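Descriptive analysis of the structure
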Amino acid sequence: MDEGGARIRRRVRVRRRSRPSLGSVCAAPTAAELEPGDEEEEGEEKETVVGSRREKPVEVEPAQNNDSEEDMFGDYDSFAGNSFLAQVDDLEQQYMQVPQLRKHASDLTIEDLCSGSIKHNKLSITTVGNFTESKVDEHTKNQSRHKDVFIEPEPDLLYDVPSSQVLYFENLQKSSNDLGDQSTKEKDWNSSSHKTGNEELPQNSTEHHQQIDDPCSKVGTSSEENRRKSLKEHLKSAMTGNAKAQTPVFSRTKQLKETLLSEEINVAKKAIESSSDDLGPFYSLPSKVRDLYVQFKGIEKLYEWQHTCLTLNSVQERKNLIYSLPTSGGKTLVAEILMLQELLCRRRDVLMILPYVAIVQEKISALSSFGIELGFFVEEYAGSKGKFPPIKRREKKSLYIATIEKGNSLVNSLIETGRISSLGLVVVDELHMIGEGSRGAILEMTLAKVLYTSKTTQIIGMSATLNNVEDLQKFLQAEYYTSQFRPVELKEYLKINDAIYEVDSKAENGMTFSRLLNCQYSNTLKKMDPDHLVALATEVIPNYSCLVFCPTKKNCENVAEMICRFLSKQYLKHREKEKHEVIKNLKNISSGNLCPILKRTIPFGVAYHHSGLTSDERKLLEEAYSTGVLCLFTCTSTLAAGVNLPARRVILRAPYVAKEFLKRNQYKQMIGRAGRAGIDSIGESILILQEKDKQQVLELISRPLENCYSHLVQEFTKGIQTLFLSLIGLKIATNLDDIYHFMCGTFFGVQQKILLQEKSLWDITIESLRYLTEKGLLQKDTIDKPKEEIQYSFHITKLGRASFKGTIDLAYCDILYRDLKKGLEGLVLESLLHLIYLTTPYDMASHCDPDWMIYFRQFSQLSPAEQNVAALLGVSENFIGKKASGQPIKKKVDKDIVNRLYLSFVLYTLLKEANIWSVSEKFNMPRGYIQSLLTGAASFSSCVLHFCEGRAKQLYNAGYKSLTHLANANPEVLIRTIDHLSRSQAKQMVSSAKMLLHEKAEALQEEVEELLRLPSDFPSIAASSEKA
């Protein structure tokens, strides 16, 4: 076949590849495709006889997409009878019966059988050496119902043919070569004309067959027939397999790249499984991973400690590992490589637990590109995002990136569905947070459950601020690696009045004099800036970056404004256009609104950064800071534990966080932001202090890091009680002995001698179980055993299961149940306020401090239906009015309900106005707080949904599967069908369903009337006659 052959064309669906009908496997050209001279010759062939069969022309029909296996080949009902395969089978039998073939029989093709009376421009077909290339008229192809995909022919014309067929034709060619020696006489096969093909089957009226009139064609031997299988069976098997497969059309280059990556992953798998020291192209990963790190992150070479850590025997043997290094040391990269090994080589899912939503989103953004290139899913579990249980993937594996709370829920769902073993690796960043309040207790519970339920899941923990590592090692059964490496040298300074001292552990009092701050301040500036922040900042900005940590959010804003007030006009010219672009973008994401403080400070390259900003504002400012457009941030301590924003100089405005004195861990995290790897040669931190705080600060810089202690028992409702409820609900441990045994393996169990003075762990366990039983969340069963022993076991109640499923804080579960039950009896559906109240988070309400004048103003604007909601909750306008005017109140009102209703007003206003800026002004609240409230409400509403699923499932299982079913239900039947449903609740449920159904029907009726109503501007007959 010459090199200028026509393109091979495949027809595919726009959405999915169609399964080939019989006509799509081997088709001859239509009459339109033949030259005029050929049509006359073709018309003479009205019937074709093959053996004893007579075939009639078949009309061409459009290819159909047949999804069922029963009708996989279109209009053909079987492979037998009047099918093309039967004709091919007869042809094969005649071919096999030829007694003698020439040695070049392997070069003979079915094209030779077909080319007797058909010219080369009609159809050229080969089967052994070459494959079909067809030239089809462009006009005919444009009439096709399917979208055409052109594939340019490659030098290897077999590349686009299914492997099963390629293998068959290779075997056929080999068999032909073996028969070559028996041939002594040349046979002219061109005397017979057969139209056959290997890419498409004939369905054309132009397709005809002529009888082979060679007298020797009927002679054959049984030995030759047994030398290979029937062509019919081969093609049948191949076409069945290919029809089922829905392989997308790829370019040859992409196929080769994917093949290479697959081969490297297979090599990496073997390298990991073997005990060899050879780690493959890139730490048991394909070389593509190394290229991606260069491309996406600019990392060309690992630090020496990273190489050492990755080649540790404990890592190679998949033992649990804790490693600790200073901030900015490159800890995350090691964890990422270990995660990729698990995903690509061991083919198991990975969970990465991070402390804050912002860091989860940052990591999702960073690793999504790796997932696309390497073929794994990156799934976000933060805020209201995340599916429980996660979707079970057949081929690709998943990397779950979660906050501490979502990580716990994810592990629970995997244990409940029996899929915890699919989790190959759990990575915990900021492991020291295990000792921080309720969030630390949740993290401890998560890791303890993984350790107890899955012996094959590896745990990796990392932190920059760990002290009592031995306790953590014992808890996690882990190895430990540490290093003091830091890519950029950090120098610590203290500033007292005008003097700056360098921190020196070798000095007698822990510091040595460095220099006097040489700055000339006016009297006004001295009053405004007594700590010389402007002088310290202008030593590095605008060419380098600077972070100023402030004790409070308000102080951040004030310091940013103060610094800009005394900066020279030259700072306005530095990257002026880009700063204007930042302001423009801030307005765009805020519907034209802009914080007046940021409007004044951004032109100088200065901005504040705290939780009062919305997430979109923070992202924009962080990006501007990272690119150098902004050179100074005034921020709170949360930035130190949040996203990675390093600086040349870090200034601590005071040794306080809010009103509490700074802890060693917090101090180390803040100063750890100084020095940017690859940009700065040195990093500096300056802590500003007063003489009265000098002694405390000297102790701060010299003492070791604080120890981590378990908060499992200290956080009673969020800790040990929640743990016991989940253990029994998930059936991890249901009797007293098993629960106690589990507790001994927790971080609290390891530290029990330190943490428990008066009570033992056994006493704590019994006390907690008794509390849960009395609260109606657990029920105790007694199991009689031989030898007169009594064993207690527990099972979870419906309220307990609802609390556990909804991850409701047990301090609020009975309150939530009471509110929902009360709402069921008198839910106000004329307004959304009641529903919003039920999904307002309890924990945010407990920390709310309402502005009573605003509260009274909003209360007085309520509609009658909304006032009914307040009355139902027990909050009156008279009470709010007295609080606003400062009058004494005799009647006792639940403070939590009042605060929760106030937050409900905020959410309700946000729902109506949909503008966070106007709501922020109306309630005098930071817009960041309102956004946090909205996120918390979304998350809590998900919890309430899971909490209520039990009742919904009961209704569904009883046959009430829609609103219509419920609206037509008999309350008396509901009482007998649904557990714990009172008569008033049943009646309220049915009436509410009827009202919602009635509202829906009215809305649809109005829509129908609107559609059928004659338009007011419809041209009348009179108007038409006037025009005429």
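Residues numbered from 1 in each chain as written. Predicted model: local features only at pLDDT ≥ 70, side-chain atom pairs only at ≥ 80, totals over all residues. Heavy atoms only, no water.

Where an unreviewed UniProt entry is consulted, the protein chain appears under the name Helicase POLQ-like, with the organism given as Vulpes vulpes. The Sequence similarities (unreviewed entry) field of the UniProt record for the protein chain holds the comment "Belongs to the helicase family. SKI2 subfamily." (UniProt positions renumbered as here; feature names shortened; annotations may be inferred.)

Glancing now at the overall build of the protein chain. In terms of helices and strands, the protein chain carries 45 helices and 23 strands. Relative to its 1028 residues, the protein chain shows a buried fraction of 48%. In the protein chain, the proportion of contacts linking residues at least 24 apart, taken out of those at least 6 apart, comes to 74%. Accessible surface, the protein chain: about 52,200 Å² in total, of which carbon and sulfur atoms supply 50%. (Helix = DSSP H or I, 4+ residues; strand = E, 2+ residues; numbered from the N terminus. Buried < 20%, exposed > 50% of the residue type's maximum accessible area, 1.4 Å probe, protein only. Contact = heavy atoms within 4.5 Å. Areas by Shrake-Rupley, 256 points an atom, 1.4 Å probe, with all protein chains shown as cover.)

Here we come to the environment of Leu572. With respect to the secondary-structure elements, Leu572 resides in helix H20 (residues 570-573). Once you skip the residues sitting within four places of it in the chain, Leu572 turns out to touch Lys579, Pro603 and Phe604.

Taking 1.5 Å per residue as the helical rise, helix H33 (residues 813-826) with its 14 residues ought to reach 20 Å, and the 20 Å between its terminal C-alpha atoms agrees with that figure. All of the buried residues along H33 are Cys813, Leu816, Asp819, Leu820 and Gly823. All buried residues of H33 lie within an arc of 125° about the axis, which places them on one face of the element. (Expected span 1.5 Å × (residues − 1). Arc of directions from axis to C-beta.)

Our next topic: the sheet that holds strand E15 (residues 546-549). With mixed pairing, eight strands are arranged side by side in an open sheet as E14-E13-E12-E21-E18-E15-E17-E16. The open sheet has two edge strands with one neighbour each: strand E14 (511-516) and strand E16 (606-609). Pairs of neighbouring strands in the sheet enclose a mean axial angle of 25°, with direction left out of account. The pairing of strand E12 (residues 489-496) with strand E21 (residues 682-689) spans eight bridges and is parallel. Among the inter-strand pairings, Leu490 is bridged to a residue of E21, identified as Gly683. Sheet contacts for helix H19 (residues 553-565): E15, E16 and strand E17 (632-635); angle to E17, the most-contacted strand, approximately 150°. (Pairing = 2+ DSSP bridges. Axes fitted to C-alpha atoms, helices over the stretch in contact; angles between N-to-C directions.)

Here we take up the pattern of salt bridges. Within this structure, the stated rule accounts for 27 salt bridges. Linking Glu342 and Arg346 is a salt bridge whose minimum nitrogen-to-oxygen distance equals 3.2 Å. With a closest N to O distance of 2.9 Å, Arg927 and Glu617 form a salt bridge. Here Arg927, found in helix H41 (residues 927-957), pairs with Glu617, found in helix H23 (residues 615-626); they are 310 residues apart in sequence, far enough to count as distant. Among the ionic contacts, a cluster of salt bridges with common partners joins Arg515, Glu539, Arg649 and Glu684. (Salt bridge = Lys/Arg side-chain N within 4 Å of Asp/Glu carboxyl O.)

What follows is about the pairing of strand E18 (residues 649-652). What you see with E18 is no split at all: Arg649 and Ile651 on one side and Val650 and Leu652 on the other are buried throughout. Two elements, E15 and E18, share four bridges in a ladder whose sense is parallel. By the bridge assignment, Leu547 is partnered in E18 with Val650. With four bridges joining them, E18 and E21 adopt parallel strand pairing.

Here the focus is a nonpolar patch on the surface. A surface patch of nonpolar side chains, about 260 Å² in accessible area, is lined by Leu832, Leu835 and Leu911. Turning to its location among the elements, Leu832 is positioned in the loop between H33 and helix H34 (833-838). (Patch = residues over 30% accessible without salt bridge, like charges linked within 9 Å, V, L, I, M, F, W, Y side chains within 5 Å.)

A few words now on the sheet that holds strand E6 (residues 349-353). Ordered by their spatial adjacency, seven strands build an open sheet running E7-E8-E6-E9-E10-E5-E11, and the pairing between neighbours is parallel. Edge strands, defined here as strands with exactly one partner in the open sheet, are strand E7 (377-381) and strand E11 (478-482). Averaged over neighbouring strand pairs, the angle between their axes works out to 15° when direction is ignored. Bridge analysis of strand E9 (residues 423-429) against strand E10 (residues 458-463) gives five bridges, and the strand direction is parallel. Within the sheet, the bridge partner assigned to Val428 lies in E10 and is Gly461. Contacts from helix H12 (residues 331-345) reach strand E5 (320-324), E6, strand E8 (398-402), E9 and E10 within the one sheet, and its direction differs from that of E6 by about 160°.

Let's shift gears to the packing of aromatic side chains. Taken as a whole and assessed by the stated rule, the structure comprises 23 aromatic pairs. Taking 5.4 Å as the distance between ring centres and 70° as the angle between the ring planes, the aromatic pair formed by Phe296 and Phe370 counts as edge-to-face. Linking Phe296 in helix H9 (residues 287-297) with Phe370 in helix H13 (residues 357-374), this pair joins segments that are 74 residues apart in sequence. Aromatic side chains Tyr842 and Phe940 sit 5.6 Å apart centroid to centroid with 90° between the ring planes, which places their arrangement in the edge-to-face category. Here Phe940 lies in helix H41 and Tyr842 lies in helix H35 (residues 842-846), a separation of 98 residues in the sequence. (Phe/Tyr/Trp six-rings, centres within 6.5 Å; stacked < 30°, edge-to-face > 60°.)

A separate point is a negative patch on the surface. Among the surface-exposed residues, Glu830, Glu999, Glu1002, Glu1006 and Glu1009 lie close enough to one another that they form a single negatively charged patch. Inspection of the secondary structure assignment puts Glu830 in the loop between H33 and H34. For Glu830, a relative accessible area of 59% gives the class exposed. (Lys, Arg positive; Asp, Glu negative; His and termini not counted. Charge placed at Lys NZ, Arg CZ, Asp CG, Glu CD.)

This part is about the state of the cysteines. The final tally for this structure, using the stated rule, is zero disulfides. Cys556 provides the cysteine sulfur closest to Cys635, a residue in no disulfide bond, and the two sulfurs are 6.2 Å apart. In this structure Cys635 comes out as buried when scored by relative accessible area, which is 0%. (Disulfide = S-S within 2.5 Å.)

The next thing to look at is unusual backbone geometry. Look at the link from Phe388 to Pro389: it is a cis peptide, with omega at -10°. Along the polypeptide, Pro389 turns up in the loop between E7 and E8. Following Ile541, the chain continues into Pro542 via a peptide bond in cis, with omega recorded as 5°. Structurally, Pro542 can be placed in the loop between helix H18 (533-538) and E15.

Taking 1.5 Å per residue, 15 residues should reach 21 Å; H12 reaches 22 Å between its end C-alpha atoms and fits that length. The element H12 is extensively covered by neighbouring structure, given that 14 of its 15 residues are classed as buried. Looking at the residues trailing H12, positive phi occurs at Arg347, about 55°.

Relative to the helices and strands, Thr734 resides in the loop between helix H27 (720-729) and helix H28 (736-744). Taking the C-alpha atoms as reference, Thr734 lies 5.4 Å from Phe794; in sequence the two are 60 residues apart. Contacts of Thr734, omitting those with residues within four sequence positions, involve Ile728, Ile739, Ser793 and Phe794.

Positionally, Ser726 belongs in helix H27. When its relative accessible area of 2% is taken as the criterion, Ser726 is described as buried. Beyond its immediate stretch of four places on either side in the chain, Ser726 contacts Lys449 and Phe804.

What follows covers the side chain of Asn468. As for its position among the elements, Asn468 is in the loop between E10 and helix H16 (469-476). Apart from the residues lying within four places of it in its own chain, the contact partners of Asn468 are Asn707, Cys708 and Gln751.

The subject of this paragraph is the packing of H27 against helix H31 (residues 761-774). Interhelical geometry of H27 versus H31 gives an angle of 75° and a closest axis separation of 10 Å. In terms of their interaxial angle, H27 and H31 are classed as roughly perpendicular. Note on element contacts: H31 touches H27 through Ile764, Thr765, Ser768, Leu769, Tyr771 and Leu772, opposite Ile720, Gln721, Phe724, Leu725 and Ile728. Residues belonging to the contact of H27 with H31 are distributed by class as follows: eight nonpolar, three polar and no charged. (Parallel < 35°, antiparallel > 145°, perpendicular 65-115°, else oblique. Nonpolar A, V, L, I, M, F, W, Y, C, P; charged D, E, K, R; others polar.)

The next point concerns the pairing of strand E13 (residues 499-503). The pairing of E12 with E13 spans four bridges and is classified as antiparallel. Along E13, the bridge assignment pairs Leu494 with Tyr501. Taken together, E12 and the strand that follows it, E13, pair antiparallel across an intervening segment of two residues, in which Asn497 is found at a positive phi of about 60°. Judged from the five bridges that link them, E13 and E14 form a sheet pairing that is antiparallel. By the bridge assignment for E14, Val503 is matched with Met511.

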